[in-house]
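The chain contents come next:
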Amino acid sequence: MSAAAVADLEHPPAITPASEMRVAVLGTGKMGGILLQAFLRSGLFTQSQITATVAHEARAESLSHQFGVTVTTDNLAAAATADVILLGVKPQQMTDVVQKIAPSLTSKKLLISFAASVKTSAIEAAAGPGIAVVRAMPNTPAKLGAGVTALCRGAHVSDGQLALAQRIFDTVGRTVIVDEKHMDAVTGLSGSGPAFLYIIIEALAEAGVNVGLPRDTATLLAAQTTFGSAKMVLETGSHPALLKDEVTTPAGCTVDGILELEEGGLRVTLIKAVKRATQRARELANP
Ligand SMILES: NC(=O)c1ccc[n+]([C@@H]2O[C@H](COP(=O)([O-])OP(=O)(O)OC[C@H]3O[C@@H](n4cnc5c(N)ncnc54)[C@H](OP(=O)(O)O)[C@@H]3O)[C@@H](O)[C@H]2O)c1
């Protein structure tokens, strides 16, 4: 390691404490709104630290009323005063919005995009030389603080900036850091995953009705069983196959059910679904 690199590690660039930062959320729609609410709920950022933007004046007014933060349609003004800029517009609008705020960007600011399929290199090209860009892929359970977000870093992101991005998305659930080459796979698994799991829950509930349970009871049993099983995997750290074995007694009921699942190809179907969604994410990222 060169002397300069060692010196860099000893004196990492100073990062403003979160309590003193200014944050802009450009494009505060469904996901931007979920994040904004989580910042306020968790106390990571207060109302006076946040500026949000939207496309329409009327929406700016109602959002400002709802959250008590400054909401405008002026991206450049919002970005100019911010240390951290979250980009929540639709993928096809991203380059245009970043080009417009580029004059306000400096190497000290952090851009975090949570738009699906937009690569850090595309944002860096629109932002200008040396700008730090983190890309995030959250999922919809973020709404209840039970999301999972994958983060990857662009070319100019320091460890401190990546840690800050992680703190920001920890407000809506768990975070994982991946190489950008894995972001399409993340989209296929945890991005699309809630839809796959809702179908599984719906099917389990339908099965409950089929064997005589009232629909509400069947849905509760199916959803809580899915939740509890996920919690077992996350909190015991045991391999899912081992946990499955614990439920499966010799010549019991579960093993008969498992045989049906295997015959129906559930396992292979889920693998194919994630592969296909990943492939589609790749197509959208490379039109
Ligand atoms: N929803 C999800 O589950 C999810 C998950 C992962 C990633 N994402 C990503 O999050 C991004 C937003 O998705 P969404 O579902 O939240 O969409 P959305 O609800 O349609 O939100 C988009 C927001 O952008 C605003 N907007 C449009 N043009 C703008 C501009 N030029 N300047 C400032 N704001 C502008 C819109 O303002 P108005 O309200 O005034 O129209 C709207 O509030 C997308 O890139 C998507 O890929 C979403």
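Residues numbered from 1 in each chain as written. Predicted model: local features only at pLDDT ≥ 70, side-chain atom pairs only at ≥ 80, totals over all residues. Heavy atoms only, no water.

Chemist: Teacher, can you tell me more about the packing of aromatic side chains here?
Modeler: The way to describe two aromatic rings as a pair is by their centre distance and the angle between their planes. Taken as a whole and assessed by the stated rule, the structure comprises 1 aromatic pair. With centroids separated by 5.3 Å and ring planes inclined at 90°, the aromatic side chains of Phe39 and Phe45 adopt a geometry described as edge-to-face. (Phe/Tyr/Trp six-rings, centres within 6.5 Å; stacked < 30°, edge-to-face > 60°.)

Chemist: Would you explain unusual backbone geometry in this entry?
Modeler: A negative phi angle characterises most non-glycine residues, just as the trans form characterises most peptide bonds. In this structure, Ser117 takes a positive phi of about 70° despite not being glycine. Note on placement: Ser117 falls in the loop between strand E5 (110-113) and helix H6 (120-127). Residues other than glycine seldom take positive phi values, yet Ala251 does so here, at roughly 60°. Counting through the fold element by element, Ala251 comes out in the loop between helix H11 (240-247) and helix H12 (253-264). Overall, Ala251 belongs to the exposed group, its relative accessible area being 80%. (Helix = DSSP H or I, 4+ residues; strand = E, 2+ residues; numbered from the N terminus. Buried < 20%, exposed > 50% of the residue type's maximum accessible area, 1.4 Å probe, protein only.)

Chemist: I tried to follow the environment of Lys109 on my own but got confused; where do I start?
Modeler: Following the sequence through the fold, Lys109 ends up in the loop between helix H5 (94-101) and E5. Taking the relative accessible area as the measure of exposure, Lys109 reaches 9% and is therefore buried. Taking the C-alpha atoms as reference, Lys109 lies 7.3 Å from Ile131; in sequence the two are 22 residues apart. Not counting the four nearest positions on each side in its chain, Lys109 is found in contact with Ala79, Ala80, Thr81, Ala82, Asp83, Ile85, Ser104, Ala132 and Gln161. (Contact = heavy atoms within 4.5 Å.)

Chemist: Looking at this structure, how should I read the pattern of salt bridges?
Modeler: Counted according to the given criterion, the structure contains 9 salt bridges. One salt bridge in this structure joins Glu206 and Arg215, with 3.3 Å as the shortest N-O distance. Glu206 gets classed as partly exposed once you look at its relative accessible area, which sits at 41%. Between Glu235 and Lys231 there is a salt bridge whose closest N-O contact spans 3.0 Å. Taken as a pair, Glu235 and Lys231 lie in helix H10 (residues 215-236) at a separation of 4 residues, close to a single helical turn. Exposure remark for Glu235: the relative accessible area of 56% places this residue in the exposed category. Judged by its relative accessible area of 38%, Lys231 falls in the partly exposed class. (Salt bridge = Lys/Arg side-chain N within 4 Å of Asp/Glu carboxyl O.)

Chemist: Can you help me understand helix H13 (residues 266-285) in this one?
Modeler: Residues spaced three or four apart along an α-helix point in a common direction, a consequence of the helix completing one turn every 3.6 residues. The end-to-end C-alpha distance of H13, which contains 20 residues, comes to 29 Å, matching closely the 28 Å that a straight helix rising 1.5 Å per residue would cover. Taken together, the buried positions of H13 are occupied by Ala277, Thr278, Ala281 and Ala285. Buried residues of H13, seen end-on, are gathered within an arc of 100° and therefore sit on one face of the element. Turned more than 90 degrees off the buried face of H13, the exposed positions are Lys272 and Lys275. Here the buried face of H13 lies against helix H8 (183-191) and helix H9 (193-210). (Expected span 1.5 Å × (residues − 1). Arc of directions from axis to C-beta.)

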